[in-house]
Amino acid sequence: MKEHFPLVKAIQEKRALYKEEFLKKIGESENDLLTYTGFLTHCADLSGQIKPYDISSEWSKRVSKEFSAQYEEEKKLGLPLSPFMAGLDSIHNIAKQEIGFIRGIIKPMWVECNECMNGEIKHLIENIERNSEEWAKVLANHQ
């Protein structure tokens, strides 16, 4: 994840440079092509929230369970703890984390991906927005 923001920024800059010719021009340079394929791979890796809520929420819960187990193992072994992995045994905390992750990481990245594809994946952005709304409902119901 440490390369997330630089990668999204690099794509934004290339899209601004190439404008309407982005999809044609991005493949002309090997470096650009590597950046773009890296971006698409990163999007695919973080694609859970583009799915409908019933599917994406199940994956969120599974990842949260894995993070909780990792946190406990790190604590047991005396390793440096990953604070964002703490407390994910509570649906309230999972909802808070998912909302922040969607708004701060997922949606901006996928909006950029949609722009790169001339709006062809707008329906995925709509799923992301619905998922954020659903997690907000979960949070409100588990205060």
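Residues numbered from 1 in each chain as written. Predicted model: local features only at pLDDT ≥ 70, side-chain atom pairs only at ≥ 80, totals over all residues. Heavy atoms only, no water.

Trainee: How do you make sense of the overall build of the protein chain when you look at a structure like this?
Mentor: Looking only at helices and strands, the protein chain has 6 helices and 0 strands in total. Taking the principal axes of the C-alpha coordinates as reference, the protein chain spans close to 50 × 35 × 20 Å. Classification of the 143 residues of the protein chain by burial places 36% in the buried group. For the protein chain, contacts bridging at least 24 residues in sequence account for 65% of all contacts bridging at least 6. With the model as given, the accessible surface of the protein chain reaches about 8900 Å², and the carbon-plus-sulfur share is 56%. (Helix = DSSP H or I, 4+ residues; strand = E, 2+ residues; numbered from the N terminus. Buried < 20%, exposed > 50% of the residue type's maximum accessible area, 1.4 Å probe, protein only. Contact = heavy atoms within 4.5 Å. Areas by Shrake-Rupley, 256 points an atom, 1.4 Å probe, with all protein chains shown as cover.)

Trainee: Honestly, the packing of helix 1 (residues 4-18) against helix 5 (residues 91-116) in this entry has me stumped. Any pointers?
Mentor: A pair of packed helices can be characterised by two numbers: the angle between their axes and the separation between those axes. Running from N to C, helix 1 and helix 5 cross one another at 25°; their axes reach a closest spacing of 11 Å. Between helix 1 and helix 5, the angle falls in the class roughly parallel. Once helix 1 is placed against helix 5, the crossing between them reads as left-handed. In contact with His4, Phe5, Val8, Ile11, Gln12 and Arg15 of helix 1, helix 5 contributes Gly104, Ile105, Met109, Glu112, Glu115 and Cys116. Looking at the contact of helix 1 with helix 5 residue by residue, the class counts come to 6 nonpolar, 3 polar and 3 charged. (Axes fitted to C-alpha atoms, helices over the stretch in contact; angles between N-to-C directions. Parallel < 35°, antiparallel > 145°, perpendicular 65-115°, else oblique. Left-handed = near helix turned anticlockwise from the far one by under 90°. Nonpolar A, V, L, I, M, F, W, Y, C, P; charged D, E, K, R; others polar.)

Trainee: What should I look at first to understand the pattern of salt bridges in this one?
Mentor: Two side chains carrying opposite charge are able to pair once their charged atoms lie near each other. Applying the stated criterion to the full structure yields 10 salt bridges. Where Glu73 meets Lys76, a salt bridge forms, and the shortest distance between an N and an O atom there is 3.6 Å. One end of the pair is Glu73 and the other is Lys76, both in helix 4 (residues 53-77) and 3 residues apart, which spans about a single turn. Taking relative accessible area as the criterion, Glu73 reaches 37% and is therefore assigned partly exposed. Judged by its relative accessible area of 64%, Lys76 falls in the exposed class. (Salt bridge = Lys/Arg side-chain N within 4 Å of Asp/Glu carboxyl O.)

Trainee: Please clarify how the side chain of Ser64 should be interpreted in this entry.
Mentor: Mapped onto the elements, Ser64 comes out in helix 4. Residue classification places Ser64 among the buried residues on the basis of a relative accessible area of 4%. The residues touching Ser64, leaving out its near neighbours within four places in the chain, are Leu88 and Ile94.

Trainee: I keep staring at the packing of aromatic side chains and nothing clicks. Help me out?
Mentor: In this description, an aromatic ring pair is defined by two values, namely the gap between the centres and the angle between the planes. A complete count under the given rule lists 3 aromatic pairs for this structure. Measuring from centroid to centroid gives 5.6 Å for Tyr53 and Trp135, while their planes differ by 70°, and the two rings are edge-to-face. In this pair, Tyr53 sits in helix 4 while Trp135 sits in helix 6 (residues 122-141), placing the two residues 82 residues apart along the sequence. Looking at Tyr53, the relative accessible area reads 22%, which means it is partly exposed. Ring centres of Phe67 and Phe84 lie 5.4 Å apart, and the angle between their planes is 90°; on these two criteria the pair is classed as edge-to-face. With a gap of 17 residues between them, Phe67 in helix 4 and Phe84 in the loop between helix 4 and helix 5 connect regions that are remote in the sequence. Classification of Phe84 by relative accessible area gives partly exposed; the value is 45%. Between Arg62 and the ring centre of Trp59, over which it is positioned, the NZ or CZ distance is 5.0 Å. (Phe/Tyr/Trp six-rings, centres within 6.5 Å; stacked < 30°, edge-to-face > 60°. Lys NZ or Arg CZ within 6 Å of the ring centre and 35° of its normal.)

Trainee: Explain helix 5 to me, please; I cannot follow it from the model alone.
Mentor: Because each turn of an α-helix spans 3.6 residues, side chains separated by three or four positions end up pointing in the same direction. The end-to-end C-alpha distance of helix 5 is 35 Å, a good match for the 38 Å that 26 residues give at a rise of 1.5 Å each. Within helix 5, the axis deviates most sharply at Ile102, by approximately 45°. Asn118, located one to two residues past helix 5, shows a positive phi value of around 55°. (Expected span 1.5 Å × (residues − 1). Bend = angle between axes of the 7 residues up to and from the residue.)

Trainee: Explain the nonpolar core here, please?
Mentor: Within soluble globular proteins, side chains that are nonpolar tend to cluster in buried spots. Formed by 29 residues in total, the largest nonpolar core has its most connected members in Phe39, Met109 and Trp110. Breaking this core down by element, the ones donating at least two residues are helix 1, helix 3 (30-45), helix 5 and helix 6. The dominant element in this core, judged by the number of residues it contributes, is helix 5, at 10 residues. Excluding its chain neighbours within four sequence positions, the residues that come into contact with Trp110 are Cys43, Ala44, Leu46, Ser47, Ile50, Ile121, Leu124, Ile125 and Ile128. (Core = buried A, V, L, I, M, F, W, Y, C linked by side-chain atoms within 4.5 Å.)

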